[in-house]
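One letter stands for each residue in the lines below.
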Amino acid sequence: MHYNQLVEDEITEKAGNKYERKKSYSRWGSNPGSIRIGEEKVPVDVPRLYDKKQDRTEEVENYKKLHNIEKPSEEIMDKIILGLSQKDYERVTRTVLESFGMSQSSVSRSFIEQSAKRLKEFENRDLGKYDFIALIVDGKYLSKDNIIIALGVTITGVKVSLGFVQATTENTEAIKGLLKDLISRKFRFNQGILTIIDGSKGLKKAINETFGKYALIQRCQFHKRENVVSYLNKNQEDIFRGKMQRAYSEPDYQTAKRKLYEIRNELEKINRTAARSLEEGLEETLQLHKLGLVEELGRSFTTTNLIENLNSQLRKYLGRIRRWVNPDMIARWLASSLIEIEAKMRRINNYDKLYLLRTAIQSELKFKQQKVA
């Protein structure tokens, strides 16, 4: 309803039509004022009423309500993000326009401002208040752009989105920049940190050069298995996929290692490239086995599934965007979505066993240092 009609209806109800004298209120001119329409304050005339019984003038109630409406930026932000996650962006945008009386350009400006604010908060939040036990780093594509995302897991099993960088998983220097930024925000790792990666040499090098002796690397068993079978024909794929899965399911480190080397020997007879693929970095795929915690924590920490799940949620939020205008847009939308997703993420399975992981990591690091000495 139009503003003038809204206030006129209230005045007519209280004071009657113009020149009517029988009501307890009389029309009493107007003063200048303003109401909020979207992001802007618009000047309006504010009709006044004279209360005959109380002998005083007052503003109409509907003007007060319109004048005191707060900026809708946060609600717009939430509605747009929600709309993307529901794959119903267009409907939600229309709802925003109708609810707040805003133009499409005003909604866009509001979202840019609020998402920029969230990006700044995301990139500057203090990581020192968390006690991290694990770090998962992986890449995902947004259109043609590759983004490296870091996800932390605390000693209480809480997942925390830590940061991201626009680069490939082979770009060691860019990844080191991301990790050093986490450290500058007080990311603590000197009690030992389990890092889960997909096997990228760039990622591994960046982790080793940044965290040094405090990091243990667990290579993703899923990526290793799928890389090995990719060299085989269709008939062999399922056979060796099952064999590798059964070997990795063995809780004992020596047993799992022996079975994997038996598979390597089989592959040597049919496909040398697949055999070499299995042998390369095999020891790192058994890091959690070596720590003796596959049964307790294998579901969460033998693959990059934790961050893959995060990436699948990001697709729900960002998959509807057809064109990324610039890196700033990517960063704003990504940070806003990560914050939204993080609030809904559950703790990892068997989080109450994570104290065992800390003890095992510290024992392994101490053993390694003694060997070097």
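Report on the accompanying structure. Fair warning: this is a prediction, and the values are worked out from it, not measured in the lab.

1. Looking at unusual backbone geometry
One non-glycine residue, Asp55, adopts positive backbone phi at about 55 degrees. Structurally, Asp55 is set in the loop between strand 2 (40-51) and strand 3 (56-59). Although it is not a glycine, Asn350 adopts a positive phi angle of roughly 55 degrees.

2. Topic: the packing of helix 6 (residues 172-184) against helix 7 (residues 201-211)
Relative to each other, helix 6 and helix 7 sit at 40 degrees, their axes nearing to 8 Å. With respect to helix 7, the axis of helix 6 lies oblique. Crossing handedness for the pair helix 6 and helix 7: right-handed. Contacts between helix 6 and helix 7 involve Thr172, Ile175, Lys176, Leu179, Lys180 and Ile183 from the former and Gly202, Leu203, Lys205, Ala206, Ile207, Glu209, Thr210 and Phe211 from the latter.

3. Side note on the environment of Lys201
Structurally, Lys201 can be placed in helix 7. It is 8.3 Å that separates the C-alpha atoms of Lys201 and Thr172, two residues lying 29 residues apart in sequence.

4. Side note on the pattern of salt bridges
Inspection of the entire model under this criterion finds 24 salt bridges. Glu173 serves as the salt-bridge partner of Lys176, at 3.7 Å between the closest nitrogen and oxygen. Separated by 3 residues within a single helix, Lys176 and Glu173 lie in helix 6, roughly one turn from each other. The closest approach of N and O atoms between Arg241 and Asp238, which form a salt bridge, is 3.0 Å.

5. Description of the packing of aromatic side chains
In the structure shown here, the tally under the stated rule is 7 aromatic pairs. Taking 5.8 Å as the distance between ring centres and 70 degrees as the angle between the ring planes, the aromatic pair formed by Phe189 and Tyr214 counts as edge-to-face. Of this pair, Phe189 sits in the loop between helix 6 and strand 7 (193-197) while Tyr214 is found in the loop between helix 7 and strand 8 (215-219), placing the two residues 25 residues apart along the sequence. Members of the aromatic cluster, connected to one another through ring pairs, are Tyr130, Phe132, Phe187, Phe189, Phe211 and Tyr214.

Rules behind the numbers
- Residues numbered from 1 in each chain as written.
- Predicted model: local features only at pLDDT ≥ 70, side-chain atom pairs only at ≥ 80, totals over all residues.
- Heavy atoms only, no water.
- Helix = DSSP H or I, 4+ residues; strand = E, 2+ residues; numbered from the N terminus.
- Axes fitted to C-alpha atoms, helices over the stretch in contact; angles between N-to-C directions.
- Parallel < 35°, antiparallel > 145°, perpendicular 65-115°, else oblique.
- Left-handed = near helix turned anticlockwise from the far one by under 90°.
- Contact = heavy atoms within 4.5 Å.
- Salt bridge = Lys/Arg side-chain N within 4 Å of Asp/Glu carboxyl O.
- Phe/Tyr/Trp six-rings, centres within 6.5 Å; stacked < 30°, edge-to-face > 60°.

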